[in-house]
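In case you want the letters, here they are:
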Amino acid sequence: MDQVKRKRDEEANERPEPPPTTTALDDMRSDPDKSRPLLMLILATTIEIYRNYKGKPRKSPAIAKLKELTDSPPSEINKLSSYDLFKITERFFQDKKLMKIISGAHNEHDESTSRRRRRRRFTQPAQPSNTPEWVDRLVQTTSGGCELTYFTSKQLTETDMKDDQHRILLPKLSIQTNLSCLLREDERERMMWRGTDGGLDVEAYDGSLATTHAMKLRHWNMSTNGYCALNGSGWSSFKSVCQLVESEDVDVHVWSFRAGDEEDPMARRLFLAIDVVRRQRSESEGDGDAAAEEPGEG
């Protein structure tokens, strides 16, 4: 037994020492010039976090230095040597009060990301059992109003709410039957046209009935032909009037009707009535069905 123990001890003594562990700060300390781009990025990020900090004021030498750098023009910061940048970064990392500010910003970012992920969870809303009263009243009071028909429903997604896209995508499968019944042949052809002249002009009402929103109903220019869209500045004005924001879970239910010269069916224009229903948060989070990401501009 003693021989076995001695052999084990000898083998242990012959094993090479494990390499010493290093931290990111150690790497930057060993070669500040090589790490200068990273040091500049850390400093710029820390300054941005401090600028946006709205919490309880905190005081420390590192925070005082950060405030000084925040008020300095970029040209002055660029003049700092790589070694000075490293010492500032090291000072920041060692300051507990400053690290609380930074960790708080990370927590807010994580919470915001979590909200966006929850926003992507959606389910296709069912067709309402009844037509909203304001939609019935709209058709009855519009000259030549007729042919009121349910069109489609959708829970708005993050891409529908983007300010730079000005459109709401409508899955074609959910409306293709209605499209074939609602549209004349010339209107279906116009939906297929591309470019600025393409798309079928429609006027959409919101529940306030105060104004209409000019949009185009069109097939969307994408690799798959699975979507139609309502697009144009009218969708943006609709979102503004209805005060739609990304943090909400919102369903829209769309009805269509015709209005115009009753004696000339070809002169009757297509109108839409879009009813907005805000969901309770639990409705959209409860089942946890993950939504497929809708594509952006085609």
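Residues numbered from 1 in each chain as written. Predicted model: local features only at pLDDT ≥ 70, side-chain atom pairs only at ≥ 80, totals over all residues. Heavy atoms only, no water.

- A UniProt comment under Subcellular location (unreviewed entry) is attached to the protein, and it reads "Nucleus". (UniProt positions renumbered as here; feature names shortened; annotations may be inferred.)

## Focus: the overall build of the protein
- Along the backbone of the protein there are twelve helices and seven strands.
- For the protein, with 298 residues in total, the buried portion stands at 38%.
- Pairs at least 24 residues apart make up 68% of the contacts formed inside the protein by residues separated by at least 6 positions.
- As presented, the protein carries roughly 18100 Å² of accessible surface, and 50% of it is formed by carbon and sulfur atoms. (Helix = DSSP H or I, 4+ residues; strand = E, 2+ residues; numbered from the N terminus. Buried < 20%, exposed > 50% of the residue type's maximum accessible area, 1.4 Å probe, protein only. Contact = heavy atoms within 4.5 Å. Areas by Shrake-Rupley, 256 points an atom, 1.4 Å probe, with all protein chains shown as cover.)

## A few points about the sheet that holds strand β5 (residues 227-231)
- Pairing in this open sheet of seven strands is mixed, and the strands run β1-β6-β7-β3-β4-β5-β2 from one edge to the other. At either end of the open sheet lies a strand with only one pairing partner, and these are β1 (146-155) and β2 (167-171). Strand-to-strand twist of the sheet, defined as the mean angle between neighbouring strand axes without regard to direction, takes the value 30°.
- Where strand β6 (residues 250-259) meets strand β7 (residues 269-278), ten bridges bridge the pair, whose relative direction is antiparallel. Among the inter-strand pairings, Asp251 is bridged to a residue of β7, identified as Val277.
- Taken strand by strand, helix α10 (residues 185-192) contacts β3 (200-205), β4 (212-219), β5 and β6, and its axis lies near 80° from that of β4. (Pairing = 2+ DSSP bridges. Axes fitted to C-alpha atoms, helices over the stretch in contact; angles between N-to-C directions.)

## Some details on the confidence of the model for the protein
- On average, residues of the protein score 78 in pLDDT, and 74% of them reach the 70 mark or higher.
- Below pLDDT 50 for its whole length, residues 283-293 participates in 16 contacts with residues either more than four positions away or in separate chains. (pLDDT = per-residue confidence, 0-100.)

## Things to note about the pattern of salt bridges
- Evaluation of the coordinates by the stated rule reveals 17 salt bridges.
- Measuring nitrogen to oxygen at the nearest pair gives 3.4 Å for the salt bridge that ties Arg167 to Asp160. Taken as a pair, Arg167 and Asp160 share a single burial class, namely buried.
- In this structure, Arg279 and Asp251 form a salt bridge, with 2.9 Å as the shortest nitrogen-oxygen distance. One end of the pair, Arg279, is in the loop between β7 and α12 (281-285); the other, Asp251, is in strand β6, with 28 residues separating them in the sequence.
- Salt bridges sharing common partners tie together Arg184, Asp186, Glu187 and Arg258. (Salt bridge = Lys/Arg side-chain N within 4 Å of Asp/Glu carboxyl O.)

## What about the packing of aromatic side chains?
- In total, this model carries five aromatic pairs according to the counting rule given.
- Here the aromatic rings of Phe257 and Phe271 are separated by 5.5 Å at their centres, their planes lie at 15°, and the arrangement is stacked. In this pair, Phe257 is assigned in strand β6 and Phe271 in strand β7, connecting sequence segments 14 residues apart.
- Classification of Phe271 as buried rests on a relative accessible area of 11%. (Phe/Tyr/Trp six-rings, centres within 6.5 Å; stacked < 30°, edge-to-face > 60°.)

## Comments concerning helix α8 (residues 133-141)
- When we look at burial in α8, the residues that qualify are Trp134, Val135, Leu138 and Val139. The arc that holds every buried residue of α8, seen down its axis, measures 135°, which confines them to one face. Exposed and oriented more than 90 degrees from the buried face of α8 are Glu133, Gln140 and Thr141.
- On its buried side, α8 packs onto β1, β3, β6 and β7. (Arc of directions from axis to C-beta.)

## A few points about the side chain of Ser256
- You can see Ser256 is positioned in strand β6.
- Once you skip the residues sitting within four places of it in the chain, Ser256 turns out to touch Glu147, Leu148, Thr149, Phe151, Leu182, Leu270, Phe271 and Leu272.

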